[in-house]
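Structural features, examined
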Amino acid sequence: QVQLVESGGGLVQTGDSLRVSCAASERTISGYAMGWFRQAPGRGREFVAGITGSGAGTNYGHSVKGRFTISRDNAKNTVYLQMNSLKPEDTAVYYCAARLGALTSTPHRWDYWGQGTQVTVSS
């Protein structure tokens, strides 16, 4: 069982940057693909970014490509999401997820989830 804990959310203004983190309880997460999803009120869970176990491969949702960067530090069992040029439409609860296997943007294919961290972007 992998436990994931997100941190770093908050209230920022349009154009600001913010980095959220996800700490994993597993002894090593290098065998897991890691991802970030988000969910705004009244909407489904949206794929934001994913990274392979080694960190060599990444994938992004079209709405954040070029603005967000996912990275990982397997020695610290931590995954990061650097968010730049934030917009009000980025407002959501951001969830960290882990899975054994290839990257996928489909939420139900991910095995483990954190509780989420709120990111609010004011206009």
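Just above, that's the structure.
Residues numbered from 1 in each chain as written. Predicted model: local features only at pLDDT ≥ 70, side-chain atom pairs only at ≥ 80, totals over all residues. Heavy atoms only, no water.

A separate point is the overall build of the protein chain. Along the backbone of the protein chain there are 0 helices and 11 strands. Each helix (α) and strand (β) of the protein chain, taken in turn from the N terminus, gives the series β-β-β-β-β-β-β-β-β-β-β. Whereas a compact globule of 123 residues would reach a radius of gyration of roughly 14 Å, the protein chain reaches 13 Å, a difference of no more than 12%. Reported as C-alpha extents along the three principal axes, the dimensions of the protein chain are approximately 40 × 25 × 25 Å. Of all 123 residues assigned to the protein chain, the portion counted as buried reaches 43%. Across the protein chain, every contact between residues at least 6 apart in sequence was considered, and the portion connecting residues at least 24 apart equals 58%. (Helix = DSSP H or I, 4+ residues; strand = E, 2+ residues; numbered from the N terminus. Rg over C-alpha atoms; globule rule 2.2 N^0.38 Å. Buried < 20%, exposed > 50% of the residue type's maximum accessible area, 1.4 Å probe, protein only. Contact = heavy atoms within 4.5 Å.)

So, on to the sheet that holds strand 1 (residues 4-7). Overall, antiparallel pairing links the 4 strands, which are arranged 1-3-8-7 in an open sheet. The open sheet has two edge strands with one neighbour each: strand 1 and strand 7 (68-73). If you compare each strand with its neighbour and ignore which way they point, the axes differ by 15° on average. By the bridge criterion, 6 bridges tie strand 3 (residues 18-24) to strand 8 (residues 78-83) in an arrangement that is antiparallel. Looking at the pairing, Val20 lines up with Leu81 of strand 8. (Pairing = 2+ DSSP bridges. Axes fitted to C-alpha atoms, helices over the stretch in contact; angles between N-to-C directions.)

Attention shifts here to the state of the cysteines. Going through the model one piece at a time under the given rule, you end up with 1 disulfide. Shown here is the disulfide that connects Cys22 with Cys96, its sulfur atoms set 2.1 Å apart. Looking along the S-S bond of the Cys22-Cys96 disulfide, the torsion reads about -75°, which is the left-handed sense. Placement of Cys22 in strand 3 and of Cys96 in strand 9 (residues 92-99) is noted, with a sequence separation of 74 residues between them. Across this residue pair, the class does not change: Cys22 and Cys96 are buried. (Disulfide = S-S within 2.5 Å.)

This part takes up the pattern of salt bridges. Counted by the stated rule, this structure contains 3 salt bridges. Put simply, Glu46 and Arg38 hold a salt bridge, and the shortest N to O gap is 2.9 Å. Residue classification places Glu46 among the partly exposed residues on the basis of a relative accessible area of 28%. Residue class for Arg38 comes out buried when judged on its relative accessible area of 5%. Asp90 serves as the salt-bridge partner of Arg38, at 2.8 Å between the closest nitrogen and oxygen. A residue pair is termed long-range when its members are at least 10 positions apart, and Arg38 in strand 4 (residues 33-39) and Asp90 in the loop between strand 8 and strand 9 qualify at 52 residues. Take Arg38 and Asp90: they sit in the same class, and that class is buried. One salt-bridge network, held together by shared partners, links Arg38, Glu46, Arg67 and Asp90. (Salt bridge = Lys/Arg side-chain N within 4 Å of Asp/Glu carboxyl O.)

As a further point, take the nonpolar core. Ranked by size, the top nonpolar core spans 29 residues in total, and within it Leu4, Met34, Trp36, Leu81, Met83 and Tyr94 carry the most contacts. Residue assignment for this core shows that the elements contributing at least two residues are strand 3, strand 4, strand 5 (46-51), strand 7, strand 8, strand 9 and strand 11 (117-122). Ranked by size, the runner-up nonpolar core spans 5 residues in total, among them Phe37, Phe47, Ala97 and Trp110. (Core = buried A, V, L, I, M, F, W, Y, C linked by side-chain atoms within 4.5 Å.)

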